[in-house]
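A closer look at the structure
Listed below, chain by chain, are the residues.
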Amino acid sequence: MRDDREVTAPAILFLCLGNICRSPLAEGAARAAFADAGIAATLDSAGTGDWHVGRPPDPRALAEARRRGVDISDLRARQLAPGDFTRFDLILAADAENLRAARALAPADATARLMLMLDLVPGRAGDSVTDPYYGADDGFAETWGDVSAVAAALVADATGSSG
Ligand code: 4NP
């Protein structure tokens, strides 16, 4: 058992396909949740694909985050890299396809735990975060609901609370 009350700053990478919709929203929700809780954390996001590298989040994702009071306009898409598997404690994939792609890229010395984002949310294990890219704009609100539940679960875990 830990006998100090210091919370170790976790290093968490959020992963999706393009790094312009789901994972930047997850990073934004987590940044807000960790800041609200006063916990330092290393948070980042990446995509398994390279189509959108260097681009800001999708305008619909920017708008959804802004509606929730979170500014993600500084984020730029990047592709998952082998070094991420040792830089981060936890790599959280939006869906099973992202998880498979990440496992295929993991180097032999990988130390990061790899799981689905929603595995952290009670009752949602195995679920995918809704991919809003090809859908209607209201898909982004649903995605925000999912990723903010993930962010709350991460903060609860980091503070050792069961909530
Ligand atoms: P994301 O959404 O993986 O949540 O960023 C997508 C972004 C781009 C594409 C698909 C999904 N795409 O096919 O370009």
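Figured I'd write up the structure that's included with this text.

Scoring rules and cut-offs
Residues numbered from 1 in each chain as written. Predicted model: local features only at pLDDT ≥ 70, side-chain atom pairs only at ≥ 80, totals over all residues. Heavy atoms only, no water. Near = heavy atom within 4 Å. Polar contact = N/O pair within 3.5 Å; in protein donor to acceptor, adjacent residues only side chain to side chain. Areas by Shrake-Rupley, 256 points an atom, 1.4 Å probe, with all protein chains shown as cover. Nonpolar A, V, L, I, M, F, W, Y, C, P; charged D, E, K, R; others polar. Phe/Tyr/Trp six-rings, centres within 6.5 Å; stacked < 30°, edge-to-face > 60°. Buried < 20%, exposed > 50% of the residue type's maximum accessible area, 1.4 Å probe, protein only. Helix = DSSP H or I, 4+ residues; strand = E, 2+ residues; numbered from the N terminus. Contact = heavy atoms within 4.5 Å. Arc of directions from axis to C-beta. Pairing = 2+ DSSP bridges. Axes fitted to C-alpha atoms, helices over the stretch in contact; angles between N-to-C directions.

A separate point is the site of the ligand. Near the ligand you find Cys 16, Leu 17, Gly 18, Asn 19, Ile 20, Cys 21, Arg 22, His 52, Asp 131, Tyr 133 and Tyr 134, and these make up its full shell. With respect to the ligand, the backbone of Ile 20 contributes an N or O atom lying 3.0 Å from an oxygen atom. Taking Cys 21, its main chain carries an N or O atom lying 2.9 Å from an oxygen atom of the ligand. About the coverage of the ligand: the protein hides 92% of its 350 Å² of free accessible area. Residue classes in the shell around the ligand are distributed as six nonpolar, three polar and two charged.

Let us look at the packing of aromatic side chains. For the coordinates displayed, the defined rule picks out one aromatic pair. Ring plane angle 80° and centroid distance 4.7 Å describe the contact between Tyr 133 and Tyr 134, whose orientation is recorded as edge-to-face. For Tyr 133, a relative accessible area of 29% puts it in the partly exposed group. Relative accessible area serves as the criterion here: at 75%, Tyr 134 is assigned to the exposed category.

Moving on to the side chain of Ser 23. On the secondary structure map, Ser 23 appears in helix H1 (residues 22-37). With near-sequence residues (within four places) excluded, Ser 23 lies in contact with Phe 14, Leu 15, Cys 16, Ser 45, Ala 46 and Met 117.

With that out of the way, let us pick up helix H2 (residues 59-67). Residues of H2 that are buried: Ala 61, Leu 62, Glu 64 and Ala 65. Mapping the buried residues of H2 onto a view down its axis gives an arc of 165°, with all of them on the same face. When the buried face of H2 is taken as reference, the exposed residues oriented beyond 90 degrees from it are Pro 59, Arg 66 and Arg 67. Looking at the buried positions of H2, the neighbouring elements they touch are H1 and helix H5 (139-159). Regarding H2, its N-cap is Asp 58, as a side-chain oxygen of that residue lies 2.8 Å from the backbone nitrogen of Arg 60 further along. Once H2 ends, the next one or two residues include Gly 69, with phi positive near 85°.

Here we come to the sheet that holds strand E4 (residues 113-116). In space, the four strands of this open sheet follow the order E2-E1-E3-E4, with parallel pairing throughout. The strands lining the two open edges of the sheet, one partner per strand, are strand E2 (42-47) and E4. For this sheet, the mean inter-axis angle between neighbouring strands, taken without regard to orientation, is 20°. Sheet contacts for helix H4 (residues 96-105): strand E1 (11-16), strand E3 (90-93) and E4; angle to E4, the most-contacted strand, approximately 160°.

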